[in-house]
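# Survey of secondary and tertiary structure
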Amino acid sequence: MAIKTIDPKTIKTSELHQILLSAVAPRPIALASTVDANGHVNLSPFSFFNVFSANPPILIFSPARRGRDNTTKHTYENVKAVSEVVINIVNHNIVEQTSLSSTEYDKGINEFEKAGFTAIPSEVVTPPRVAESPVSFECTVQDVIELGDKGGAGNLVISKVERIHIQEKYLNDKGSLDTQKLDLVARMGESWYCRASGNALFEIPKPIFNKGIRYR
Ligand SMILES: Cc1cc2nc3c(=O)[nH]c(=O)nc-3n(C[C@H](O)[C@H](O)[C@H](O)COP(=O)(O)O)c2cc1C
């Protein structure tokens, strides 16, 4: 079996970035709403994102330093100024608008308006949430961990969930979130996305009641 082995220190950051993005996929997308110190609203998507704890409920995403010029993103600057974020989940209905909201507009430009999203006031934080998103998490930012000071360095925004808003049409008859109805999307390498619906979804019962013997 031919294997290509890479020492990450020997390749360009842009090349390393693409390997990481293509291999560590599909990644869920956080559509993050934040405000700056003057209350200007910002909305941007981040696929360096996941859930890391249920008790306390912690979500983490990473607005990274830009590879091309080592500048920081408005979202990072905003959460440093005002420690709050609304993380809106992205499904297929809103993926085109989400992509549009990633345009690098000047500071102070409201991507809700540019991308055609409806802003709803939050209950416990200042940034508004996205009405069109199936699930929104109002969060307080517990910590921001800077992983480096060079282009491409991630900034972990450790976000504690304070409120959850779910559009009821995505619930099943037991009142739980319905994976089939949600139709979530995720980010892959290059400009690829994937869609969690139809044949892409399958179930594997958890092997907890019967001990597996062995695979082969
Ligand atoms: C689906 C998607 C996922 C993205 N994920 C990230 C990410 O995880 N980290 C990052 O720094 N930029 C990511 N980007 C790029 C940012 O959204 C983009 O740089 C945006 O303009 C940042 O906006 P801001 O400066 O207003 O915070 C992503 C873009 C898209 C479309």
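Refer to the structure above for everything that follows.
Structural notes, computed from the coordinates. For clarity, every value in this text was computed on a predicted model and none was experimentally measured.

Next up on the list: the site of the ligand. The environment of the ligand is made up of 20 residues, and the closest members are Pro45, Phe48, Thr75, Ser102 and Glu104. The contact in question runs from an oxygen atom of the ligand to an N or O atom on the side chain of Thr75, over 2.6 Å. Separating an oxygen atom of the ligand from a side-chain N or O atom of Glu104 is a distance of 2.8 Å. In this structure the site holding the ligand corresponds to the largest pocket. Contributing elements (two or more residues each) for the shell around the ligand: strand S3 (41-46) and helix H2 (74-81). Per-element tally for the shell around the ligand: the top contributor is S3, with 4 residues. Tallied by class, residues from the shell around the ligand come to 7 nonpolar, 8 polar and 5 charged.

Next up on the list: the packing of aromatic side chains. One pass over the full model with this rule turns up 1 aromatic pair. Seen from their ring centres, Phe46 and Phe61 are 5.5 Å apart, and the 40° between their planes marks the pair as tilted. Of this pair, Phe46 sits in strand S3 while Phe61 sits in strand S5 (residues 57-61), and the two are 15 residues apart along the sequence. By relative accessible area, which is 1% here, Phe61 ends up buried. Across the ring face of Tyr193, the terminal group of Arg187 is positioned such that the distance to the ring centre comes to 4.7 Å.

Let's shift gears to the pattern of salt bridges. Scanning the entire structure with this criterion turns up 7 salt bridges. Put simply, Arg66 and Glu104 hold a salt bridge, and the shortest N to O gap is 2.9 Å. Here the residue Arg66 occupies a position in the loop between S5 and H2, and Glu104 occupies one in the loop between helix H3 (95-101) and helix H4 (111-115), the gap between them amounting to 38 residues. Here Glu104 falls in the partly exposed class, since its relative accessible area comes to 44%.

Okay, the side chain of Ser47 next. Along the chain, Ser47 turns up in the loop between S3 and strand S4 (49-54). Here the side chain of Ser47 touches Arg27 through a polar contact of 3.1 Å, side chain to side chain. Ignoring any residue separated from it by four or fewer positions in sequence, one finds Ser47 in contact with Arg27, Pro28, Ile29 and Arg187.

What counts as what
Per chain, residue numbering runs from 1 following the sequence as it is written. Per-residue local features of the predicted model are confined to residues with pLDDT of at least 70, and side-chain atom pairs are confined, for both listing and counting, to 80 or more; whole-chain, interface and lining totals are unaffected and use all residues. Where side-chain values are given, they derive from all heavy atoms of the structure, hydrogens and water being excluded. Being near a molecule or strand, for a residue, means having at least one of its heavy atoms within 4 Å of it. Pairing of N or O atoms within 3.5 Å defines a polar contact, subject to two protein rules: one partner must be a possible hydrogen donor and the other a possible acceptor, and residues neighboring in sequence count only if both atoms are side-chain atoms. Whether a set of points on the 1 Å grid over the protein atoms alone is a cavity depends on a 1.4 Å probe fitting there but being unable to get out, while an open set qualifies as a pocket with protein on both sides within 12 Å along at least five of seven lines; lining residues are those with an atom within 4 Å of a point. In this scheme, a molecule is assigned to a cavity or pocket if more than half of its atoms are within 2 Å of the grid points. A run of H or I in DSSP becomes a helix once it reaches four residues, and a run of E becomes a strand once it reaches two; helices and strands are each numbered from the N terminus. Classification convention: Asp, Glu, Lys, Arg as charged; Ala, Val, Leu, Ile, Met, Phe, Trp, Tyr, Cys, Pro as nonpolar; all other residues, Gly among them, as polar. Only the six-membered ring of Trp is used, alongside the rings of Phe and Tyr, when aromatic pairs are assigned; centres must lie within 6.5 Å, and planes under 30 degrees apart are stacked while those over 60 apart are edge-to-face, with the rest tilted. Accessible area is worked out with a 1.4 Å probe on protein chains only. A residue is then buried under 20% of its type maximum, exposed over 50%, and partly exposed in between. For a lysine, the NZ atom is tested; for an arginine, the CZ atom; a charge sits over a ring if that atom is within 6 Å of the ring centre and within 35 degrees of the ring normal. Salt bridges are identified by distance alone: a Lys or Arg side-chain nitrogen within 4 Å of an Asp or Glu carboxyl oxygen. Every residue pair with non-hydrogen atoms within 4.5 Å of one another is taken to be in contact.

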